Amino acid sequence: MARKFYLTTPIYYVNDVPHIGHAYTTVVSDVIARFHRMLGQDVYFLTGTDEHGQNVERAAKARGLTPIQHADLMVERFRGLWRTLGIGNNDFIRTTEERHRRGVEKLYQKIVAKGDVYKDAYKGWYCTSCESFYPESQIVDGRCPDQGHKVDWTEEESYFFRLSKYQEPLLRHYADHPEFVFPESRRNEVVSFVGAGLKDLSISRSSFSWGIPLPGDPRHVFYVWFDALSNYITALGYGSDRKLYARYWPADIHLVGKDILRFHAVYWPAFLMSADEPLPRRVVAHGWWLRDALKISKSRGGAVDPGPLIEAFGVDAVRHFLLREMVFGQDAGYSDEAFIDRVNTDLANDLGNLVSRTLKMIEDYCAGKVPKSDHRFRGDEPLKEAARDAVSGFVKDFEELDFSAGLARVWSFIGLLNRFIVQNEPWKLSQDPGRRWALESVLYTVAEGLRIVAILVAPVMPASASGLWKRLGVPGDVTAASLQHVHWGELRPGQAIARGEGLFPRIDKAAYLKDVTLKEEPSMDAIKPAAPAAPVAISPAPAGAPAAPATAAGPGPTEIGIDEFARVDLRTARIVAAERVQGADKLLKLTVDLGVETRTIVAGIATRYPPESLIGKTIVVVANLKPAKLRGVLSQGMLLAASDATGQPYILTTEEPVPPGWRVK
Ligand code: MSP
């Protein structure tokens, strides 16, 4: 029977829109899951959302929504991004689901039965951002030691878990299972944290209500981390039907960012020990994506939205960049330059060009059919050996979670294939009918090398690997190939290749970087209350433009006088032409008549308005907005529209027909 492999991501807070840091955790998990599936294992891959707690309650309130309305909207952002990124999770758990509540209650009851819960008064410093308590000794300048957020003094009745009782058992577990925390440096941190002494942990809160009520005392809700960590077993039916639990628990890997390692490597195993449940095999911590040396996060600004990168360069470019650029376990800096360089070098130049020139030669010299290798040809021996080494090295690296090293190996092999072509000069061989066998052998060798490359890159770039597989005329699905049985020579001569389009177009770096200032950050503004919503301009605002007005329940913008408002030149305009902006799903390019002149305006309304439906409509535009380039198109103004709770635009128009160019005030 296939070995089981259970892998989890953290569940994401729904008080923030997903950014590249979240995408990293999920993409790495997906790559691990795909890799293990290609090793023939019975993989179960779980992700989900963390929807309770004070932060979510506050975020919802600020938007005039109930917590569950807010969560329902945000969850779609995560699910949508995971779909776009090609994430193949087996399940998605939300902590607001009934199955989760049942499992949390069950775990709690077992811990209570063990005598590990007692009621007491809590007094201490609480960080609402981290949803965590800290002892006085750890507070630095009124801020939490983990992330530097402001902490509040809190005094309330709370239920406590006897964490202190598990200090010794935990230390013993770390000693007996050195693989439990990875990488080594993080393991040492955990051991010294626990070695310094553990205080009992408050596991209930009564100052807010957005959570799972404690059985027996519903004035309290579970501490969000007790609730959240349980997801790893409640998703397997712990507390109800335990079939999946019996099959997959314990987890083989909990993948987490280093900021949440302590919860996973200290609290979680202690809860499980108390409940007499098996412990996960490994907790693996990755580093952070940084911008200007700070962790990328919405609250700190500088968040990078993977959406526009995916839209512009494709999913696989983003996946490859994330895995190749960061040395697993360490931090890495994000920059658009590094992204473009990586994609252009690895994908467009090295792999993309190799694929297109090989296919072109097979088309030109071999009538588009995979040629065969002649037994007289010996020049392929070094490549056969290199392929064997690349496969075994890659499998070892990926098993050890050293993804950048594994990919570097694949790219060394790609480099060999490129050099092999240059050395053998098939274009010269093609001139000599007596050496046709050599020409065919050379082209077979490169095509076979590329077949192996397709298998190796499949966990990281599944769509491109499939594209390459099909182009080489190999039947079946590359993701079903086994990484344990990669043998040279399985490419069948005589199969028709399908050259198709280039796999990875080159990015025009200068043009992209010029446009990039106009890229929007992922924004909570798109998640608006259904009513009352302030009319907002939805053309992407150029850099430096004032922020969009805050919505009803949020802290409003500062008051302005009528003179200030009068500086905004609002005009009626008639739409005379409309078309989509290439490569941007949301953008339309509108030609509008302003009475005295015609202008081009780029607006993010394509999700709701087909271009032809707009012709002849009268709209309201900001006529004196500094022009800005959006996706290479100069936008000379901005139209006004309201947006609903999901960010869908509703353009403003006039009740009665009015001519273009009238002032709006
Ligand atoms: N809800 C908790 C996890 C509960 S798991 C039982 C949480 N959520 S989170 O949305 O804030 O973070 C989820 C993951 O995203 C974490 O692994 C975190 O490390 C990761 N990242 C968030 N920002 C990041 C970067 N800038 N870089 C890399 N990953 C980071 O914590």
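Residues numbered from 1 in each chain as written. Predicted model: local features only at pLDDT ≥ 70, side-chain atom pairs only at ≥ 80, totals over all residues. Heavy atoms only, no water.

A.B. asks: In this structure, what is going on with the packing of helix α12 (residues 315-325) against helix α13 (residues 336-366)? I would like to understand it.
C.D. replies: How two helices pack is summed up by the angle between their axes together with the distance between the axes. Two elements in contact, α12 and α13, have axes separated by 10 Å at closest approach and are oriented at 100 degrees. In terms of orientation, α12 lies roughly perpendicular with respect to α13. In this structure, α12 uses Asp 316, Ala 317, Val 318, His 320, Phe 321, Arg 324 and Glu 325 to contact α13, whose residues at the interface are Ala 338, Phe 339, Arg 342, Val 343, Asp 346 and Leu 347. Residues of the contact of α12 with α13, tallied by class, amount to seven nonpolar, one polar and five charged. (Axes fitted to C-alpha atoms, helices over the stretch in contact; angles between N-to-C directions. Helix = DSSP H or I, 4+ residues; strand = E, 2+ residues; numbered from the N terminus. Parallel < 35°, antiparallel > 145°, perpendicular 65-115°, else oblique. Contact = heavy atoms within 4.5 Å. Nonpolar A, V, L, I, M, F, W, Y, C, P; charged D, E, K, R; others polar.)

A.B. asks: Please explain the pattern of salt bridges as it appears in this structure.
C.D. replies: Applying the stated criterion to the full structure yields 41 salt bridges. Two residues, Arg 409 and Asp 397, come together in a salt bridge whose shortest N-O distance is 2.6 Å. With Arg 409 in helix α15 (residues 403-424) and Asp 397 in helix α14 (residues 381-399), the pair connects residues that are 12 residues apart, well separated along the chain. Asp 397 sits in the buried class, given a relative accessible area of 5%. Each member of the salt-bridge network shares a partner with another, and the members are Glu 98, Arg 101, Arg 102 and Glu 105. (Salt bridge = Lys/Arg side-chain N within 4 Å of Asp/Glu carboxyl O. Buried < 20%, exposed > 50% of the residue type's maximum accessible area, 1.4 Å probe, protein only.)

A.B. asks: Looking at this structure, I do not really get the site of the ligand. What am I missing?
C.D. replies: Near the ligand you find 25 residues, and of these Ile 11, Asp 50, Asp 259, Trp 289 and Ile 296 are the closest. Here a nitrogen atom of the ligand sits 2.8 Å away from a polar atom, N or O, in the main chain of Ile 11. In the environment of the ligand, a nitrogen atom lies 2.8 Å from a nitrogen or oxygen atom belonging to the backbone of Trp 289. For the ligand, whose unbound accessible area comes to 670 Å², protein coverage reaches 95%. (Near = heavy atom within 4 Å. Polar contact = N/O pair within 3.5 Å; in protein donor to acceptor, adjacent residues only side chain to side chain. Areas by Shrake-Rupley, 256 points an atom, 1.4 Å probe, with all protein chains shown as cover.)

A.B. asks: Any chance you could explain the environment of Glu 156 here in plain terms?
C.D. replies: Here Glu 156 lies in strand β6 (residues 152-161). Relative accessible area serves as the criterion here: at 12%, Glu 156 is assigned to the buried category. Along the primary structure Glu 156 and Ile 575 are separated by 419 residues, whereas in three dimensions their C-alpha atoms are 61 Å apart. With near-sequence residues (within four places) excluded, Glu 156 lies in contact with Asp 120, Ala 121, Tyr 122, Ser 204, Arg 205, Ser 206 and Ser 207.

A.B. asks: Help me understand unusual backbone geometry, please; the structure alone is not making it clear to me.
C.D. replies: Apart from glycine, the bulk of residues carry a negative phi angle, and the bulk of peptide bonds sit in the trans form. In this model, Phe 182 is joined to Pro 183 through a cis peptide bond whose omega is -5 degrees. By secondary structure assignment, the location of Pro 183 is in the loop between β7 (181-182) and α6 (184-195). A cis amide bond, omega 5 degrees, links Trp 249 with the succeeding residue Pro 250. Phi at Ala 367 is positive, roughly 55 degrees, even though this residue is not glycine. Its place among the elements puts Ala 367 in the loop between α13 and α14. For Leu 401, which is not glycine, the phi dihedral falls at a positive 65 degrees. Considering the arrangement of structural elements, one finds Leu 401 in the loop between α14 and α15. Exposure remark for Leu 401: the relative accessible area of 3% places this residue in the buried category.

A.B. asks: Before we go on, may I ask you to explain the sheet that holds strand β4 (residues 117-127) in this structure?
C.D. replies: Each strand in a sheet pairs with another by means of backbone hydrogen bonds, the pair being arranged parallel or else antiparallel. Taken in spatial order, the four strands make up an open sheet running β5-β4-β6-β8, and their pairing is antiparallel. Bordering the open sheet on either side are β5 (132-134) and β8 (201-202), each of which pairs with just one other strand. Bridge analysis of β4 against β6 gives 10 bridges, and the strand direction is antiparallel. By the bridge assignment for β6, Gly 124 is matched with Thr 154. Against the sheet, helix α10 (residues 261-274) engages β5, β6 and β8, with an angle of about 30 degrees to β6. (Pairing = 2+ DSSP bridges.)

A.B. asks: Hey, could you run me through the state of the cysteines in this one?
C.D. replies: What we call a disulfide is simply a covalent bond connecting the sulfur atoms of a pair of cysteines. Using the criterion set out here, one finds zero disulfides in the structure. There is no disulfide at Cys 144, and the cysteine sulfur nearest it, in Cys 130, is 3.8 Å away. On the accessibility criterion, Cys 144 (4% relative accessible area) is buried. (Disulfide = S-S within 2.5 Å.)

A.B. asks: Looking at this structure, I do not really get the sheet that holds strand β10 (residues 213-214). What am I missing?
C.D. replies: The strand order across the open sheet built from three strands is β9-β11-β10, with neighbouring strands paired in antiparallel fashion. Two strands in the sheet have a free side with no partner beyond their single neighbour: β9 (204-205) and β10. One ladder, built from two bridges, connects β10 with strand β11 (residues 217-222); its direction is antiparallel. Along β11, the bridge assignment pairs Pro 213 with Val 221.

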